[in-house]
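Structural characterization, general
Single-letter residue listing:
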Amino acid sequence: MARQTRSSSGDSAPSFIHQNILQDPEKEICTFDSAHLSALKTSGIFPKGTVFRPFDREIRSDMVSDEWICFNVFPFTLGLQFPFPDFITKFFDTTKICFSQTMPMLWRVLLVLDQIKNNHIPDLSVHDLPLAYRLRCHGSCRFLFYSTSSDPLVLRATRNEDEWKSKFFFVKRDSIPGGTEYPVQWLRKADFRKLAPPLADSQKRIDAIRLLPEAERSFNPSPPTPSPLSSANMSDSSKVPILLDLDELDSYPTPVMVKKETPAATSSKPLPAPRANPRTRASTTKKRKGSEISAPGSEGFSYDELSFSDSLEPMTSFLNKALQHLLHLYSDACGTVALHEARIKQLESTVADQGAIAEAKSRHYESLMKKVTQEAELKLATAEMDHEQAMVSFWEGIKASAIVSLLQTSIKMAYEAKETGLVCPAWPVDSWVAKLKELGGKAVPLPVEAGESSKSSEVVDQAGDKKDAGADAGEDAGQDAGAEKPGKAGEDAAV
């Protein structure tokens with residue numbers, strides 16, 4: 001949810017709206033300080049009369065205002081100036097993307113396409129780009145170009161850029177051309193084809209760009225005219241000229257003033273010339289034999305023609321400016337120290353968090369390993385017990401089968417011996433039969449039962465034979481009677 005905040009500088013500017021978009025705002029504290037702003041003002045990158053907001057480390061790049069607009073420093077390190085070229089301006093007018101939510105890769109592509117439009121394809125349009133790129137939101141609602149094919153339209157546009165997120169500044173909207181028409185809120189999503197529908201001949205122009213030599217459609221990291229805000233120059237604060245801007249002095253809450261004292265009596269005696277600095281270079285301060293050191297004259301004032309009272313006012317003004325500048329530098333140094341302390345604290349917290357996470361993961365994996373080991377040991381013990389039981393059952397079954405076979409054989413042998421009249425009282429046939437029944441073996445039949453069954457089968461066979469004999473005798477008698485009847489009839493006919 002957006003919230004309002006006021007600058008720590010105490011100016012009368014309207015409240016900024018905090019969009020709460022940045023994922024890690026503490027890592028994006030502005031480092032483009034007053035010294036860099038001074039270099040920007042004198043670089044001629046912005047039109048004359050542009051009003052820049054004083055450096056304030058409490059303001060983030062995702063804070064928006066109806067009066068101030070945020071710019072990233074990166075596009076100006078490529079040699080661009082404001083207002084941007086027509087092609088780049090048309091892109092932002094079409095997509096409604098804020099300048100501060102663009103990534104370096106997008107600026108590189110736009111710069112190369114603007115050069116192609118000027119040198120090769122003058123009718124190149126922003127509406128042609130959706131055929132080659134789509135707008136991709138990558139982290140904290142910042143946009144870049146994502147190629148729709150394996151062959152990007154602009155080559156070598158993807159490279160690392162250090163600390164570009166923390167280099168930004170604010171400009172008053174009504175002090176630049178078209179500033180009041182630029183969007184205030186950041187764009188959250190962007191469908192490039194809906195924002196810039198391709199034209200009928202867009203594919204023709206895209207194909208023409210792909211036919212250009214590789215050097216013509218590649219990003220050149222070294223522009224022909226280096227910008228005063230190039231990454232090499234701005235990375236080292238010692239290369240940035242330190243200029244005292246009196247318009248910014250009222251942004252500091254507690255200025256130190258030098259008390260102006262009125263002398264008791266004026267004197268026409270000129271002030272003595274300032275002494276030479278003993279820490280100046282040895283080439284200018286080293287005494288030579290037979291010569292004296294000449295004291296250098298002051299570049300700020302000329303004391304030779306002014307009395308003390310006349311030189312007091314400009315000297316007081318100069319000292320006030322110097323003290324204001326020292327206060328400015330001290331404030332910047334305090335901000336830098338606070339920034340580093342915050343980063344160190346954050347790193348310490350991150351290291352502690354990572355250590356706690358590592359320790360928790362170690363405990364988790366140790367517990368998991370112990371659990372897996374216990375389960376494996378339990379499964380192994382269970383398998384061993386099952387195997388032992390199976391082996392016991394197997395051997396018990398074999399033993400039972402062997403005993404049953406022995407009992408059956410012994411009982412059968414005892415029965416056969418008894419039938420032949422050989423009786424051995426030492427044979428416990430009854431106990432064998434009981435044990436065989438207990439073990440579930442098949443009972444051995446007695447010899448008597450076997451004999452009766454054989455006799456009954458013999459009786460049945462004999463009855464069958466007699467029946468067959470009777471039937472055969474009846475059949476033969478019938479045949480004989482039939483043979484006698486025709487002979488007798490013949491004899492009667494003859495008589």
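Okay, so let's go over this structure. These numbers come from a predicted model, not from an experiment.

Here's the deal with the pattern of salt bridges
Scanning the model with the defined rule gives 15 salt bridges in all. Where Glu58 meets Arg57, a salt bridge forms, and the shortest distance between an N and an O atom there is 3.9 Å. Its salt-bridge partner being Arg217, residue Asp151 comes within 3.6 Å of it at the nearest N-O pair. Residue Asp151 is found in the loop between β6 (143-147) and β7 (168-172), and its partner Arg217 is found in the loop between α6 (202-210) and α7 (231-234); the two are separated by 66 residues along the sequence. Since its relative accessible area comes to 8%, Arg217 is described here as buried. A network of salt bridges, in which partner residues are shared, links Asp123, Asp128, Asp201 and Arg205.

Quick look at the nonpolar core
Among the nonpolar cores identified, the biggest contains 64 residues, and Phe46, Phe71, Phe91, Leu113, Phe145 and Phe169 are the most heavily contacted of them. Beyond its immediate chain neighbours, meaning those up to four positions away, Phe145 contacts Phe91, Met105, Leu106, Val109, Leu110, Leu129, Tyr133, Arg134, Leu135 and Phe192. In this structure, Val404, Ile411, Tyr415 and Val444 belong to the second largest nonpolar core, which totals nine residues.

Overview of the packing of aromatic side chains
Going through the model one piece at a time under the given rule, you end up with 28 aromatic pairs. Ring plane angle 35° and centroid distance 5.7 Å describe the contact between Phe32 and Phe169, whose orientation is recorded as tilted. Placement of Phe32 in the loop between β2 (16-18) and α1 (34-41) and of Phe169 in strand β7 is noted, with a sequence separation of 137 residues between them. Of the two residues, Phe32 and Phe169, both sit in the buried class. Cation over ring: Arg53 sits above Trp68, and NZ or CZ is 5.9 Å from the ring centre. The ring centre of Phe219 lies 5.7 Å from the NZ or CZ of Arg108, which sits over that ring.

Focus on helix α10 (residues 429-438)
Residues of α10 that are buried: Val429, Trp432 and Leu436. Taken down its axis, α10 places every buried residue within 55° of arc, on the same side. In α10, the exposed residues that point more than 90 degrees away from the buried face are Asp430, Lys437 and Glu438. Just downstream of α10, Gly440 is the residue with a positive phi angle, here 80°.

So, the environment of Ile209
Within the fold, Ile209 resides in helix α6. Residue class for Ile209 comes out buried when judged on its relative accessible area of 0%. Separated by 89 residues in sequence, Ile209 and His120 place their C-alpha atoms 8.5 Å apart. When residues no more than four places from it in sequence are discounted, the contact partners of Ile209 are Leu113, Ile116, Ile121, Leu124, Leu153 and Arg217.

A word on the pairing of β7
With four of five residues buried, β7 lies mostly within the body of the structure. Across five bridges, the pairing between strand β4 (residues 68-72) and β7 is antiparallel. Following the sheet pairing, Trp68 is matched in β7 by Lys172.

Here's the deal with helix α3 (residues 86-95)
For α3, the full list of buried residues reads Phe87, Ile88, Phe91, Phe92, Thr94 and Thr95. Seen from one end, α3 has its buried residues packed into an arc of 165°, which puts them on one side. Turning to α3, the residues buried within the fold contact α4 (104-119), β5 (133-137), β6 and α5 (192-195). Of the residues one or two after α3, Lys96 is the one with positive phi, at around 65°.

Side note on a nonpolar patch on the surface
Taken together, the side chains of Met391, Phe394, Trp395 and Ile398 define a hydrophobic patch exposed on the protein surface, amounting to about 390 Å² of accessible area. With respect to the element layout, Met391 can be found in helix α9 (residues 308-419).

A few points about the pairing of β6
Counting buried residues along β6, four of its five residues qualify, which places the element largely inside the surrounding structure. Pairing of β5 with β6, which is carried by five bridges, proceeds in the antiparallel orientation. Bridge assignment links Arg136 to a residue of β6, and that residue is Leu144. Linking β5 to β6, which pair antiparallel, is a turn of five residues; within it Gly139 sits at a positive phi near 75°.

A look at the side chain of Thr95
For Thr95, the location among the structural elements is in helix α3. With a relative accessible area of 1%, Thr95 lands in the buried category. At a separation of 2.9 Å, a polar atom in the side chain of Thr95 contacts the main-chain carbonyl oxygen of Phe91. Beyond its immediate sequence surroundings of up to four residues, Thr95 is in contact with Leu135, Leu187, Phe192 and Leu195.

Some words on the state of the cysteines
A covalent bond between the sulfur atoms of two cysteines is what we call a disulfide. Under the criterion given, the structure shown has zero disulfides. Free of any disulfide, Cys30 has its nearest neighbouring cysteine sulfur in Cys70, separated by 8.1 Å. Of all cysteine sulfurs, the one in Cys141 lies closest to Cys137, which takes part in no disulfide; the gap is 4.4 Å. Classification of Cys137 as partly exposed rests on a relative accessible area of 35%.

Concerning unusual backbone geometry
Omega for the bond connecting Phe82 with Pro83 falls within 30 degrees of zero, at 0°, which places this linkage in the cis form. Structurally, the position occupied by Pro83 is in the loop between α2 (74-77) and α3. Although it is not a glycine, Arg156 adopts a positive phi angle of roughly 55°. Counting through the fold element by element, Arg156 comes out in the loop between β6 and β7. Judged by relative accessible area, Arg156 falls into the partly exposed class, the value being 48%. Here Glu163, not a glycine, exhibits a phi torsion of approximately 55°, which is positive. Along the polypeptide, Glu163 turns up in the loop between β6 and β7.

Rules of the game
Residues numbered from 1 in each chain as written. Predicted model: local features only at pLDDT ≥ 70, side-chain atom pairs only at ≥ 80, totals over all residues. Heavy atoms only, no water. Salt bridge = Lys/Arg side-chain N within 4 Å of Asp/Glu carboxyl O. Helix = DSSP H or I, 4+ residues; strand = E, 2+ residues; numbered from the N terminus. Buried < 20%, exposed > 50% of the residue type's maximum accessible area, 1.4 Å probe, protein only. Core = buried A, V, L, I, M, F, W, Y, C linked by side-chain atoms within 4.5 Å. Contact = heavy atoms within 4.5 Å. Phe/Tyr/Trp six-rings, centres within 6.5 Å; stacked < 30°, edge-to-face > 60°. Lys NZ or Arg CZ within 6 Å of the ring centre and 35° of its normal. Arc of directions from axis to C-beta. Pairing = 2+ DSSP bridges. Patch = residues over 30% accessible without salt bridge, like charges linked within 9 Å, V, L, I, M, F, W, Y side chains within 5 Å. Areas by Shrake-Rupley, 256 points an atom, 1.4 Å probe, with all protein chains shown as cover. Polar contact = N/O pair within 3.5 Å; in protein donor to acceptor, adjacent residues only side chain to side chain. Disulfide = S-S within 2.5 Å.

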